[in-house]
2 protein chains.
Amino acid sequence: MIKKPVSILCFSLLSLLGSLQADEGMWLFNGLPLEQFKSKYGFEPTAEWTDHLMKSSVRFNVGGSASFVSSNGLVLTNHHVGSDTLNKLSTKENNYYEDGFLAKNFDEELKAPDLELNQLIEITDVTDQVNQSVKDNMSPGEAAAARQTAISKIEQTATDQSGLRSDVVALYGGARYHLYQYKKYTDVRLVWAPESAIAFFGGDADNFEYPRYCLDACLFRVYEDGKPANVDHFLKWSDNGAKNDELVFVSGNPGSTSRIYTMAALKYERDHYLPYVLDFIRRREILLQQFGLNSTESARIARDGLFGFQNARKARMGMLQGLQDPALMHAKQQAEQRILAQVKEDPKLKQYAAAWDKIAEVQQQKAKRLGTGISLNTRLFNIAQTLVQMSDEDKKPSEQRLAEYRDSARDSMEQQLFSSAPVHPELEQVILGDLIARMLELRGADDPLCQQILEGNNPLDRAAQLAGGTQLMDVDYRKKLAKQGTDGCQDPLIQLAQLVDPVVRQQRKESEELQEIERQAYSQISEALFATQGTSTYPDATFTLRLSYGPVKGYQENGIEIPAFTTMGGTFDHETAHQGQADYDLPQSWRDASAKINPDTPFNFVCTADIIGGNSGSPVVNKDLELVGLIFDGNIQSLIGDYIYSDKQGRSVSVHSSAIRDALRHIYNADHIADQLGN
Amino acid sequence: MIKKPVSILCFSLLSLLGSLQADEGMWLFNGLPLEQFKSKYGFEPTAEWTDHLMKSSVRFNVGGSASFVSSNGLVLTNHHVGSDTLNKLSTKENNYYEDGFLAKNFDEELKAPDLELNQLIEITDVTDQVNQSVKDNMSPGEAAAARQTAISKIEQTATDQSGLRSDVVALYGGARYHLYQYKKYTDVRLVWAPESAIAFFGGDADNFEYPRYCLDACLFRVYEDGKPANVDHFLKWSDNGAKNDELVFVSGNPGSTSRIYTMAALKYERDHYLPYVLDFIRRREILLQQFGLNSTESARIARDGLFGFQNARKARMGMLQGLQDPALMHAKQQAEQRILAQVKEDPKLKQYAAAWDKIAEVQQQKAKRLGTGISLNTRLFNIAQTLVQMSDEDKKPSEQRLAEYRDSARDSMEQQLFSSAPVHPELEQVILGDLIARMLELRGADDPLCQQILEGNNPLDRAAQLAGGTQLMDVDYRKKLAKQGTDGCQDPLIQLAQLVDPVVRQQRKESEELQEIERQAYSQISEALFATQGTSTYPDATFTLRLSYGPVKGYQENGIEIPAFTTMGGTFDHETAHQGQADYDLPQSWRDASAKINPDTPFNFVCTADIIGGNSGSPVVNKDLELVGLIFDGNIQSLIGDYIYSDKQGRSVSVHSSAIRDALRHIYNADHIADQLGN
C-alpha cells in the first residue's frame, strides 16, 4: 500500500528526463496541464471544475488522502489510512481493525482521538515575499533562519486574517513558494470499516502486486459543533464506475518524490541512505514480529506498526532496485549530462552549473552523518522530547522558536501531544530498548552519551526502568508539564529527553544547514530547467494537493496480459488458489453474502495516473467529477516512480466505486450508508 | 536451539576472569578436571570410563553432536541437527521434516544424501612438531603458510598410517596443537523422526526459553558395507533418566567460544561484528519469509534456512546484549587490567604485554574490512566456486594447495560437492539476487567488479540469468567439471566464480594474515595465563569433543522459581495457554495418544553444564555412563556463554531420556526401535 513515508523530504521536483511523455505528472491545482488535456483528450475543464474537485478533496494529516462523498460530511478513504484510528479505537474486547465497524446511526459514530482533516481552500504564490528575506551575503544557516522567519510571518498573518490553517510550501526545489490555506476538521468520526481480512486481502504477499482483490476502504464523517457537517463540495457517486480506457483523474496528496535529484543525490540514496533505512526497517519488522509472538493480544498491539514497516520495506526495496538498474541510471546520467552541457554553454545559465557540485558535496556530508543521530523515537519518548523542547522554546518569542513550537502551530501540536490514543507500555519498552541498543551499535557503546543514557544498566533493563517509571501515559500529566514546563521534572523519560536534547538540537541545526545548501542548489537547478525546458511542468510531491490523470489500462508482465480489472467473484477464486496461506481467508461476512454478490461487479482496477505514497485514499473521478474509484496502491513497477515515471508497466491500483457500494448494500447490510453516497 | 554458528572462529580459549568457579568448562578428553570431580563430587572416573564415553560420542559434520545408543549403530541426535537431512530427503509429496518418519525395518531406513559422522578415536599432542615449522624471522603470512604446511603433513601422515580422518586442532589460541583422529561413517540412514510441530513446539517464540516442551530428537543408523554397523561403544539407556540435583556429564562438540578475547576484541564484536552480522541475518530472515509467502511449497523449501537464521539471530542478540551490559564489560576490563599488571611487573612475562596491543590493532583492521568481501554464498555459487578453485588448485602439488583442496581432504569435499540433495532453483535465484544487491550496497554500485557482475542488468534480472542458465544442479555435470577442470567452461555461475576468484583469494590471504597475527598474540596471552594461573584449564571451543558437567538444577527468574523439569502432561497445558498462536499446535499423533501418555513422565530439564552451539544432540549421561538426556538448547541467559560462563541463571536444556523412550513406545508405535535403545 502506498502509505506516505514517515519522514517527508520536502524538496520539490521536475522531470529530469526532459520532455513529459505519456500522462506523467502530479500537477498543482493552480498549474494544471490544460494544453495537454485539450490536445491529447479534447478535454477543457472549467475553473469551477477545478475548484469543485479541489474542495471535495481531503487530506488526512496522519498521511493519506480522501474525499467528501455526501452533503452530510461523509469522508471516503482507505482502510489502511484509517487503520491508525481503527487501532486507537480498538480494545482487547472490540477489535475494529480486525472485525470491522458499522455505525447504525449518527449516535453510534465513534470519535477519532486525534485525527485532523484538511480541506484545501486557496493557493497563493508568495515566492517574492519569501525570497526578499534572504540576502546574498547570508550563510546557509542565516538564510534558512531568515526564510523560516519570513515563512512563519506569512503563515501567522494568513491564519490571523482567515482563521484557516496556513502552510507555506516550497516547490520546485525552493524556486517557488506557495501559501496553502486549509479548513481544518478535528471532530472526525468513524462510520464504517470492513474487516482487515478483506481490506488487506493477500496481506504482505499481495501488497504492491496486481491483480488484487482488496476492499481497502472505510468511511468517516466530519462534524462541526457536535453535528454532521454540511459540506458544499462533495463528489457524486458514479452509477457504473471506471470503465476500460476511460480517462480518469486522481486528486490527492502525494507525499514525496525525488525526480529533481541529481546523479550524486541518487547515488547517495542508492549506496547509503536506502540500505541504511532498509536495515532499520527490517530490524523493526523482526522486533515487532517477535513481540507479537508473546500472545494474540501482543500480536494485535504490534500489528499496525508491523504492517507499516512491511509496507515501507517493500516500497523502499522497489526504489532501491530501480536505482540499482544500470540501464536506468545510465539514462538518468545522460539526461543530466545533456542539461549540464546546455547550462555550461549558455552565458546566462553558466552560474547555475556549480549547483550540481554543491549537491554532490552535501551528499558526502550526509553519508558521513548517517546513523550518528539520536534516534529514540517511541511514542512516549517523542512526547517527552516535545514537552522538553516546548518548555525551552516557550521562553522565547513565537517567531524565534523552532517552527513546530510557534503559536500558529500550537493547535495541531497539542492535538497530537494530548491525544488519548492508548499507549502500550510493553511495546514502548521493547522498542525503546532496541533503539537504545541500536544507538550503542551506531555510536559505539563506549560513547559517553550512550553510557550516560544507560546509567550502568544494559539497554533492555534501562528501557524497563524508563518505560516502567514514566507517568507520560497520563494525558493530564502531559498537560500539566506543558503548562508548567519540565525544569526540575523527575520523570525518567523527561530526564532522558533533557539529557539528549543539546545533541538533538545541534544535529538538527547541522542537518538544516545541509538542507538549506541543497535547497538553494535545487532552486538554481530548477531555474536552469525552467530556462532550458520551459515553466509548464510540475514540482516534486510535497504532501499537498495534486492532480494526476491517465486512462484505465492493463499492462504486460513476462509476456502475459494483465487486465485492468478484477471482479468481486474473482476474490473467491483467489482465496481458493492460496488455500492454507496466511492472509488469504475471506471474512465470514463475505462467505455469508456470497449468493448476493454479483460476481461480475468490478473490484479493483489499474490506471496510469502518476501517484506515490500519500495518494492512498485519493478519489478517482471521471470528467464529470463522479467518483469512479479509490486509489489504494501502486504496483511494484510503479515504485521507482519516486525517481522516474514510467507507464510501461507502472500502474496505480484502485478499489472500484461499484464494489464499495455493492459491498455496503449486500455484504455489510449498510443501505443507510450506501443511500448517502454522492447525495 | 544451540546450532553451531555457520562460521567457526577457530581460536581456543581460557577463562579470563581468573579462577574457575562453579562447574564451568568445556574440557578436553585428554585434560579432564579430575581433581575438581574428586574434591567437589567425590567422583573418580577411570581411563575406561573416559574412553568409553569418548567413543560413544559422535560428531555430525553439518554442525552438531550425537551418540551411539545401540550395538547395531543407532545414533541419537536432535531433530534440528537432523533437519538438514530431513529436508533433503523430503519432497513435495513426502514431507518428513514436518510429518515425521519411521522405518518399520532396516530396509525402510532412508540413506542421507551427504552426512558424514565422526567418532573420535585418539588425541595426540603435536604442539612441538607444529611449532618447529615456524621461525622467528617469518612474516605473519610466511608463518601461517609454514604452520599450515606442517599441519597438513602431520594430517596426511596420520591418515596414511591409520586410515582415519586426521585433523590438527589449534587450542588455547594456538598455544597448543592436538591431532584428532576420527573414524568416519558416511553411510548414514534415517530411522525415526517426530513431527516438527513437537520437535520444535513453541517455535521461534519458545526457542532459547525455559520451561520447554520439545521432543527435539531423532534417530539415524550408521551402516558399513551396506549393513547396520556393529559398534563396540554405545551408551546404555537409563531406566529412569536424569534426577533433580544429580551430577550429569555432557559429551559433545561445542562449536566456538571466545572466552580468551581481550577487551579490544570484545568491543570489536560489540560495536562492529555482531551488529553487522545481525543486519545480515535479519535481511535473510525477511527474504526467506517473503519467499515462503509465494505458496505453501515455497514455505516448505525455505523453512529450514529460515529456522537457522531465526535461531542465529536470537543467539547473536543474546551475545550482543551481554556485551552491551556495562557491568559485565567492567568486570572483564578489571580482570584484564589485573592480568596485564601482573604480566608487566614480571620480567619473564613482560614480553607478552605487547600481545594485547597487537590484538587491538587487528580489530581496527577487521572493522575496516567488514563488508568489503565477496559474499555470494548460495548452494550453487559455492559449488561453482569450489569447482573453479579446485580446477586451479589441482594443478599444484597437494601440500601447496589451499587446505580444503589437499588430497587428505578430498573425500569429505567430494561428499559435499557431489551431494544429490535437492537444489531449489527459485530459492537459489532469490538469494543470489539479494546477495548481488547487497554487494552493490556494501561496495557501492559503481564498483567496477559489481558492474562486471551485473553485465548491464539489475541484480534480480542478473540472478535470474545465472540461476536459469547454470547446469550445476546436475551432479554428473559437477563430476565432469571436477574431472576436466573449469577452464573455458561456459556455465554462467562458473564464469561468475572465475570473475570474482582473484578478489576472493586476495581477501582470504589478507584475512588469514590477520588471523595469524591474532593467533600468535592469543598464543602469547595463553602462555602468560598459563604462567600466572596454571595450566589446568580448558581451551575455547573448537567443534571438537569436550566434556562439560554439572547438576540438574532449576533457577530463579524475576523472583520466580523455574523448576528443572517439565512433564509430558504439561505439554498439553502449554498448548492450551497459547491457543491461536502459530507453532503451538500439537501433532495429531500426540492427541491420539494422549490417554496412553503418562502425564508425569519428565519431558525437558535443565542443568548447569557449560555448553554452546555445536553441543546440540550431545548425550547427557550419569556417572554410570547411562544416557539420561539429550542436549538441545541453552536458555537466553546462557547465550553470553560465548564470552563468559555463569550458572546463576544460565542453563543447558535437554530432552529427558524417558520422554524419548515413552514417545517411541506410546505415541509413535515404535517398540521395535525402543527395544534397541541401549542394547
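Residues numbered from 1 in each chain as written. Chains lettered and ligands numbered in written order. Predicted model: local features only at pLDDT ≥ 70, side-chain atom pairs only at ≥ 80, totals over all residues. Heavy atoms only, no water.

All names here are of chain A. A rise of 1.5 Å per residue sets the reference length of helix H13 (residues 379-393), with its 15 residues, at 21 Å; its end C-alpha atoms lie 21 Å apart and thus fit the reference within 8%. Counting buried residues along H13, 12 of its 15 residues qualify, which places the element largely inside the surrounding structure. Those residues of H13 that sit buried are Leu380, Phe381, Ile383, Ala384, Gln385, Thr386, Leu387, Val388, Gln389, Met390, Ser391 and Glu393. Those residues of H13 hidden inside the fold are in contact with helix H14 (410-417), helix H15 (425-443), helix H18 (475-484) and helix H19 (492-533). (Helix = DSSP H or I, 4+ residues; strand = E, 2+ residues; numbered from the N terminus. Expected span 1.5 Å × (residues − 1). Buried < 20%, exposed > 50% of the residue type's maximum accessible area, 1.4 Å probe, protein only. Contact = heavy atoms within 4.5 Å.)

Glancing now at the packing of helix H15 (residues 425-443) of chain B against helix H17 (residues 459-469) of chain B. All names here are of chain B. For the pair H15 and H17, interaxial distance at closest approach is 8 Å and the crossing angle is 140°. Regarding the angle of H15 to H17, the classification is oblique. Crossing geometry of H15 relative to H17 is assigned as right-handed. Counted together, Pro425, Gln429, Leu432, Gly433, Ile436, Ala437 and Leu440 of H15 and Pro459, Leu460, Arg462, Ala463, Ala464, Leu466 and Ala467 of H17 form the full contact between these two elements. Its residues placed into classes, the contact of H15 with H17 shows 11 nonpolar, 2 polar and 1 charged. (Axes fitted to C-alpha atoms, helices over the stretch in contact; angles between N-to-C directions. Parallel < 35°, antiparallel > 145°, perpendicular 65-115°, else oblique. Left-handed = near helix turned anticlockwise from the far one by under 90°. Nonpolar A, V, L, I, M, F, W, Y, C, P; charged D, E, K, R; others polar.)

Below, the discussion takes up the interface of chain A and chain B. Facing 43 residues of chain A, the contacting portion of chain B comprises 43 residues. Across the interface of chain A and chain B, roughly 3300 Å² is buried in total on both sides, 50% from carbon and sulfur atoms. Linking chain A with chain B are 4 salt bridges. The closest approach of N and O atoms between Asp446 of chain A and Arg270 of chain B, which form a salt bridge, is 3.1 Å. Where chain A touches chain B, the interface holds 17 residue pairs in polar contact (both at pLDDT 80 or more). Elements represented by at least two residues in the side of chain A that touches chain B include exactly helix H8 (203-206), helix H9 (263-292), helix H10 (296-323), helix H11 (326-345), H15, helix H16 (448-454) and helix H17 (459-469) of chain A. Per element, the largest residue contribution to the side of chain A that touches chain B is 12 residues, and it comes from H9 of chain A. (Buried area = accessible area lost by both parts, 1.4 Å probe. Salt bridge = Lys/Arg side-chain N within 4 Å of Asp/Glu carboxyl O. Polar contact = N/O pair within 3.5 Å; in protein donor to acceptor, adjacent residues only side chain to side chain.)

Turning our eyes to something else, we now look at the relation of the copies chain A and chain B. For the pair chain A and chain B, the superposition axis carries a translation of 0.0 Å, the fit reaches an RMSD of 0.1 Å, and the rotation angle comes to 180°. Each copy turns onto its partner about a two-fold axis. Take the interface residues of chain A: 100% of them recur as interface residues in chain B, which is what a same-surface contact looks like. (Least-squares fit on C-alpha atoms with pLDDT ≥ 70 in both.)

Residue and element names in this part refer to chain A. Extensive coverage of strand S11 (residues 218-224) is indicated by the burial of 6 of its 7 residues. Here strand S4 (residues 74-77) pairs with S11 via 4 bridges, running antiparallel. Each bridged residue has a counterpart across the sheet, and for Leu74 the counterpart in S11 is Arg221. By the bridge criterion, 4 bridges tie strand S10 (residues 188-193) to S11 in an arrangement that is antiparallel. Paired with Val188 across the strands is Val222, a residue of S11. For S11 and strand S12 (residues 227-228), the ladder comprises 2 bridges, and the chain directions are antiparallel. Within S12, the residue paired with Glu224 across the bridge is Lys227. (Pairing = 2+ DSSP bridges.)

What follows is about the domain arrangement of chain A. All names here are of chain A. On domain assignment, one finds that chain A holds domain 1 (13-116 + 186-258 + 539-674), domain 2 (263-353) and domain 3 (379-510). On a C-alpha basis, the centroid separation for the pair domain 2 and domain 3 is 28 Å. Contacts between domain 2 and domain 3 engage 10 residues on the former and 11 residues on the latter. In terms of surface lost to domain 3, no three residues of domain 2 exceed Arg283, Phe291 and Ile301, which account for 50% of the buried area on that side. (Domains from an automatic or database assignment.)

With that settled, the discussion passes to the environment of Arg665 of chain B. Residues and elements named next belong to chain B. Within the fold, Arg665 resides in helix H22 (residues 657-667). Once the C-alpha coordinates of Arg665 and Lys596 are considered, the two residues, 69 residues apart in sequence, prove to be 9.6 Å apart. Apart from residues no more than four positions distant in its own chain, Arg665 is found in contact with Ala670, Asp671, Ala674 and Asp675. In this structure the side chain of Arg665 is engaged in a polar contact, spanning 3.0 Å, whose partner is the side chain of Asp675.

This paragraph deals with the pattern of salt bridges. In this structure the tally under the stated criterion is 94 salt bridges over all chains. The partner of Glu455 of chain A in a salt bridge is Arg462 of chain A, and the shortest N-O contact between them spans 3.7 Å. Judged by its relative accessible area of 55%, Glu455 of chain A falls in the exposed class. Residue Glu527 of chain B pairs with Arg176 of chain B through a salt bridge whose shortest N-O separation is 3.3 Å. One end of the pair, Glu527 of chain B, is in helix H19 (residues 492-533); the other, Arg176 of chain B, is in strand S9 (residues 176-185), and 351 residues separate them in sequence. For Glu527 of chain B, a relative accessible area of 26% translates into the label partly exposed. In this structure Arg176 of chain B comes out as partly exposed when scored by relative accessible area, which is 23%.

Here the focus is the pairing of strand S15 (residues 546-551) of chain A. Residues and elements named next belong to chain A. Extensive coverage of S15 is indicated by the burial of 6 of its 6 residues. Residues Arg546, Ser548 and Gly550 of S15 are buried on one face, and the alternating residues Leu547, Tyr549 and Pro551, pointing to the opposite face, are buried as well. Both strand S14 (residues 247-252) and S15 contribute to a ladder of 6 bridges, which runs antiparallel. Within S15, the position partnered with Val248 by the bridge is Gly550.

All right, on to the state of the cysteines then. Structurally, a disulfide amounts to a covalent bond that connects the sulfur atoms of two cysteines. Residues and elements named next belong to chain B. Under the criterion given, the structure shown has 0 disulfides over all chains. Free of any disulfide, Cys218 has its nearest neighbouring cysteine sulfur in Cys214, separated by 14 Å. The class of Cys218 is buried, set by a relative accessible area of 0%. (Disulfide = S-S within 2.5 Å.)

All names here are of chain A. Its location among the elements puts Asp583 in the loop between helix H20 (568-577) and helix H21 (588-592). Look at Asp583 and you get partly exposed, because its relative accessible area is 42%. Between the C-alpha atoms of Asp583 and Asp204, which are 379 residues apart in sequence, the distance is 8.2 Å. What Asp583 contacts, discounting residues up to four positions off in sequence, is Phe201, Gly202, Gly203 and Asp204.

Residue and element names in this part refer to chain B. Relative to the helices and strands, Arg651 is located in the loop between strand S21 (626-634) and strand S22 (652-656). Of the buried charged residues, Arg651 lacks a salt bridge, with Asp647 as the closest side chain of opposite charge at 5.7 Å. A polar contact of 2.7 Å, which involves the side chain of Arg651, links it to the backbone oxygen of Asp647. Apart from residues lying up to four places away in sequence, Arg651 is in contact with Lys553, Gly554, Tyr555, Val606, Cys607, Thr608, Asp633, Gly634, Asn635 and Ser638. (Lys, Arg positive; Asp, Glu negative; His and termini not counted.)

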